[in-house]
Amino acid sequence: TSSSILQEVDEHSWIWLQDGAVVGDTLFFYPFIVNTDLNQPEGLQFRLAGISLFETKIKNNELDFSTTKQKKAPLMKKVGLTDWMFGAGVFANTKQANTLNPDGYIYLYGCKTTYGLRELIVARVKEENYQFFDDYEFYSNGKWVTEISDATGLLEHVSTELSVTELREGHNKGKYLCVFTYDVN
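These notes cover the structure that comes with them. (Residues numbered from 1 in each chain as written. Predicted model: local features only at pLDDT ≥ 70, side-chain atom pairs only at ≥ 80, totals over all residues. Heavy atoms only, no water.)

**So, the overall build of the protein chain**
Move 1: A count of helical and extended segments in the protein chain gives 0 helices and 15 strands.
Move 2: Taken over C-alpha atoms, the radius of gyration comes to 17 Å for the protein chain, in line with the 16 Å a tight globule of 185 residues would show.
Move 3: Projected onto its principal axes, the C-alpha positions of the protein chain cover 50 × 40 × 30 Å.
Move 4: Looking at the protein chain as a whole, 39% of its 185 residues qualify as buried.
Move 5: Long-range contacts, defined here as pairs at least 24 residues apart, represent 46% of the contacts in the protein chain between residues at least 6 apart.
Move 6: When the accessible surface of the protein chain is summed, it comes to about 10,700 Å², and 51% of that surface belongs to carbon and sulfur atoms.
Move 7: Computed over 17 positive and 25 negative side-chain charges, the separation of the two mean positions in the protein chain equals 5 Å. (Helix = DSSP H or I, 4+ residues; strand = E, 2+ residues; numbered from the N terminus. Rg over C-alpha atoms; globule rule 2.2 N^0.38 Å. Buried < 20%, exposed > 50% of the residue type's maximum accessible area, 1.4 Å probe, protein only. Contact = heavy atoms within 4.5 Å. Areas by Shrake-Rupley, 256 points an atom, 1.4 Å probe, with all protein chains shown as cover. Lys, Arg positive; Asp, Glu negative; His and termini not counted. Charge placed at Lys NZ, Arg CZ, Asp CG, Glu CD.)

Given below as structure tokens:
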């Protein structure tokens, strides 16, 4: 489910770009909504208020910013001392992206954080349903589920900014590389 309301309260906010993908003739990306938080230490006086989905049409190989739309994305959740958030990395495993073994899914990577320990988590959605959050599935212990807070970690010590890339040649051809800063908070 999504909403066109980005915030319920009028606060000073900005966006922090994460990652995105081109699907058809549209660029989709997932920026954080960031708010000022003066209760935090100097230099870190902000808090994450949510995640949005931005979409912009591509016309004549250029972004047409007059078509940009944004909506709140339900891709961040907190339960107790654990946070789940998605959008740090996006991998389009599609024919359009010219991947080695396209399955038609867009994979959306993020972090599960408990007591400061971050783990890589992943969601997926068929490319034709990219805008529909009810169609997103979350990887949980070897299966795909519909509840974001059931997503389980694949790799520990990741940062909130990362990328996942398909290796296209060499002895690791067909495997994936996750690039991140180790244990940064």
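**Digging into the pairing of strand S5 (residues 46-59)**
Move 1: With 4 bridges joining them, strand S3 (residues 26-29) and S5 adopt antiparallel strand pairing. When the sheet's bridge partners are listed, phenylalanine 29 is paired in S5 with phenylalanine 54.
Move 2: Two elements, strand S4 (residues 32-36) and S5, share 5 bridges in a ladder whose sense is antiparallel. Considered in S5, the bridge of phenylalanine 32 is made with isoleucine 51.
Move 3: By the bridge criterion, 8 bridges tie S5 to strand S6 (residues 62-73) in an arrangement that is antiparallel. Of the residues in S6, the one forming a bridge with isoleucine 51 is alanine 73. (Pairing = 2+ DSSP bridges.)

**Structural notes on the nonpolar core**
Move 1: Of all hydrophobic cores here, the largest spans 27 residues; its most connected members are Tyr30, Leu75, Phe86, Leu108, Tyr130, Tyr136 and Phe138.
Move 2: In terms of residue count, the dominant contributor to this core is strand S8 (residues 82-93) (5 residues).
Move 3: Counting residues in hydrophobic clusters, the runner-up holds 12 residues, among them Ala88, Tyr107, Val158 and Leu162. (Core = buried A, V, L, I, M, F, W, Y, C linked by side-chain atoms within 4.5 Å.)

**Brief notes about the packing of aromatic side chains**
Each aromatic ring pair is summarised here by two numbers: the centre-to-centre distance and the angle between the ring planes.
Move 1: Within this structure, the stated rule accounts for 9 aromatic pairs.
Move 2: With a centroid separation of 5.3 Å and an interplanar angle of 50°, the aromatic rings of phenylalanine 86 and phenylalanine 138 are classed as tilted. Here phenylalanine 138 lies in strand S11 (residues 137-140) and phenylalanine 86 lies in strand S8, a separation of 52 residues in the sequence.
Move 3: Residue phenylalanine 138 is classed as buried on the basis of its relative accessible area, which comes to 5%.
Move 4: Among the aromatic side chains, those forming a connected cluster through ring pairs are Tyr105, Tyr107, Tyr139 and Trp144.
Move 5: The ring centre of tyrosine 105 lies 4.1 Å from the NZ or CZ of arginine 124, which sits over that ring.
Move 6: The lysine or arginine in question, lysine 126, covers the ring of tyrosine 105, its NZ or CZ lying 4.4 Å from the ring centre. (Phe/Tyr/Trp six-rings, centres within 6.5 Å; stacked < 30°, edge-to-face > 60°. Lys NZ or Arg CZ within 6 Å of the ring centre and 35° of its normal.)

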